[in-house]
Amino acid sequence: MIELDGVPELIDPVMVAAFEGWNDAGDAASTAVAHLDREWKGEVFAALDAEDYYDFQVNRPTVYLEGGLRKITWPTTRLSVVRVGGEKPRDLVLVRGIEPSMRWRSFCNELLGFAHELGVEMVVILGALLGDTPHTRPVPVSGVTSDTDLARTMDLEETRYEGPTGIVGILQEACTHAGVPAVSLWAAVPHYVSQPPNPKATLALLNRLEDLIGLRIPQGELAEDARAWQLGVDQLAAEDSEVAEYVQSLEEARDTAELPEASGEAIAREFERYLRRRDGDPGQGPGSHATESGEGPSYLRDTPGGRRRPQKPPRGGPDTGKGPEQGPGPEQGPGPEQGPGPERGSGPAPDTGPDGEPDPDREPGPDRDTRPEDEDGSSED
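Every value quoted in this text rests on a predicted model; they were computed, and no experiment measured them.

With 15 residues, helix α3 (residues 104-118) should cover 21 Å at 1.5 Å per step; its first-to-last C-alpha distance of 21 Å lies within 8% of that length. The inward-facing, buried residues of α3 abut β1 (14-20), β2 (43-47), α2 (50-53), β5 (77-84), β6 (90-98) and α5 (167-178). Phi for G119, located one or two positions after α3, is positive at around 75°.

What follows is the structure, given as structure tokens:
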């Protein structure tokens, strides 16, 4: 039984979730939820029992020192609540963790139990995939849903993907069966520079989330980090003529495909966002978790330790690998043969379906000889 006696009644709550692992290329999705939690000073009120959902030989606990004492942080999924102030306050229930190793249906049912008890009106699940997209162009973010009414009213794509899926797809399907409106937002990360972090993709997800839920999200240092990341990748790509030529071909293909949209909805959406940020409520600026009185409500009931440290500034460049070694991690490659997978944050393979899932029929392109399903695995819907 879920008891939330320490959490007050919420105002128009929306649940926003992201999971490290196969659904999180470049750590873009999990970093987006961490950004919301940090900017709006979320307080953890619940954590799922790690024993129920994680294989500790796959997702190992970590040891850290606090005041000279050694402590253990267990891999799990935590829930926190933030209140966005202003004339019309609204609450967000933030879910951040690692893709579970087992019992996915029970995992989703437990999260939906929290959503029901808190009166959540919609679930938004963030994900990131590897794709044929140039780092020099805006990050493509697709919004998909299994809810026909939601697809029509919010101009979202109704998913028709078939193939292997991750916890994002499972949670979205569980929401559909439970009658809870759910949307998945997927950012496409350039496969040739997949090493995390990717602040540009994180910022793109937050901008799309801002449009979806109608809240002004403070960017903090993300905008500057995204510019620095792109500048660094530009410099490294310029040093390799083959990569530079490949990036140019991706740019030409992208510009040709998006030419009709450039004068339509995309420009209108960016202009609306600009007006929101120029004329937005002061209470929705950075750190505006407090209400108009300036006092933020306390939601804290139980605060498990071990929050992940903030990501370091990006230093990676074009790379055909999938990031630094992470120690043995969960399987992140698709398919029924689930041997050890690539390191955390590699995400689904390039050229995926609309749900962010890999298309096994696609041939690899230049600099794409290390797809997730080819990794030997050493190394949070």
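With respect to topology, eight strands assemble into an open sheet ordered β2-β5-β6-β1-β7-β10-β8-β9, the strand pairing being mixed. A strand with exactly one partner marks an edge of an open sheet, and here the two such strands are β2 and β9 (157-158). On top of the sheet, α5 reaches β1, β7 (122-131), β8 (141-145) and β10 (182-190); it is set at about 165° to β10, its chief contact.

Okay, the pattern of salt bridges next. All told, the structure shown has six salt bridges when counted by the stated rule. Its salt-bridge partner being E251, residue R137 comes within 3.8 Å of it at the nearest N-O pair. Residue R137 is found in the loop between β7 and β8, and its partner E251 is found in helix α8 (residues 241-258); the two are separated by 114 residues along the sequence. We note a salt bridge from R152 to D149, for which the minimum N-O separation is 2.9 Å.

Here the focus is the packing of aromatic side chains. Inspection of every chain in the model, using the stated rule, returns five aromatic pairs. Ring geometry for F19 and F107: centres 5.8 Å apart, planes at 65°, overall edge-to-face. One end of the pair, F19, is in strand β1; the other, F107, is in helix α3, with 88 residues separating them in the sequence. Taking relative accessible area as the criterion, F107 reaches 0% and is therefore assigned buried. With a centroid separation of 4.9 Å and 55° between ring planes, the pair formed by F56 and W74 is classed as tilted.

When you tally the buried positions in β1, you get seven out of seven residues, the bulk of the element. Strand direction decides the pairing type here: β1 and β6, joined by seven bridges, are parallel. Paired with F19 across the bridge in β6 is G97. Bridge count between β1 and β7: five bridges; the pairing is parallel. Opposite M15, over in β7, you have V123 as the bridge partner.

This brings us to a nonpolar patch on the surface. Taken together, the side chains of V63, I72 and W74 present a nonpolar region at the surface, about 280 Å² in accessible area. Among the structural elements, W74 can be located in the loop between β4 (69-73) and β5. You can call W74 partly exposed: its relative accessible area is 41%.

On the surface, E239, D240, E242 and E245 cluster together into a patch of negative charge. With respect to the secondary-structure elements, E242 resides in helix α8.

This paragraph deals with unusual backbone geometry. A cis amide bond links P196 to the next residue, P197, at an omega of -5°. Within the secondary structure, P197 is located in the loop between β10 and α6 (199-213). Within the chain, D12 stands out as a residue other than glycine whose phi angle is a positive 45°. When its relative accessible area of 39% is taken as the criterion, D12 is described as partly exposed. The phi dihedral of R103 falls on the positive side, at around 55°, and the residue is not glycine. Relative to the assigned elements, R103 resides in the loop between β6 and α3. A residue is classified by how much of its surface remains accessible, and R103, at 44% relative accessible area, is partly exposed.

The rules behind each value
- Residues numbered from 1 in each chain as written.
- Predicted model: local features only at pLDDT ≥ 70, side-chain atom pairs only at ≥ 80, totals over all residues.
- Heavy atoms only, no water.
- Helix = DSSP H or I, 4+ residues; strand = E, 2+ residues; numbered from the N terminus.
- Expected span 1.5 Å × (residues − 1).
- Contact = heavy atoms within 4.5 Å.
- Pairing = 2+ DSSP bridges.
- Axes fitted to C-alpha atoms, helices over the stretch in contact; angles between N-to-C directions.
- Salt bridge = Lys/Arg side-chain N within 4 Å of Asp/Glu carboxyl O.
- Phe/Tyr/Trp six-rings, centres within 6.5 Å; stacked < 30°, edge-to-face > 60°.
- Buried < 20%, exposed > 50% of the residue type's maximum accessible area, 1.4 Å probe, protein only.
- Patch = residues over 30% accessible without salt bridge, like charges linked within 9 Å, V, L, I, M, F, W, Y side chains within 5 Å.
- Areas by Shrake-Rupley, 256 points an atom, 1.4 Å probe, with all protein chains shown as cover.
- Lys, Arg positive; Asp, Glu negative; His and termini not counted.
- Charge placed at Lys NZ, Arg CZ, Asp CG, Glu CD.

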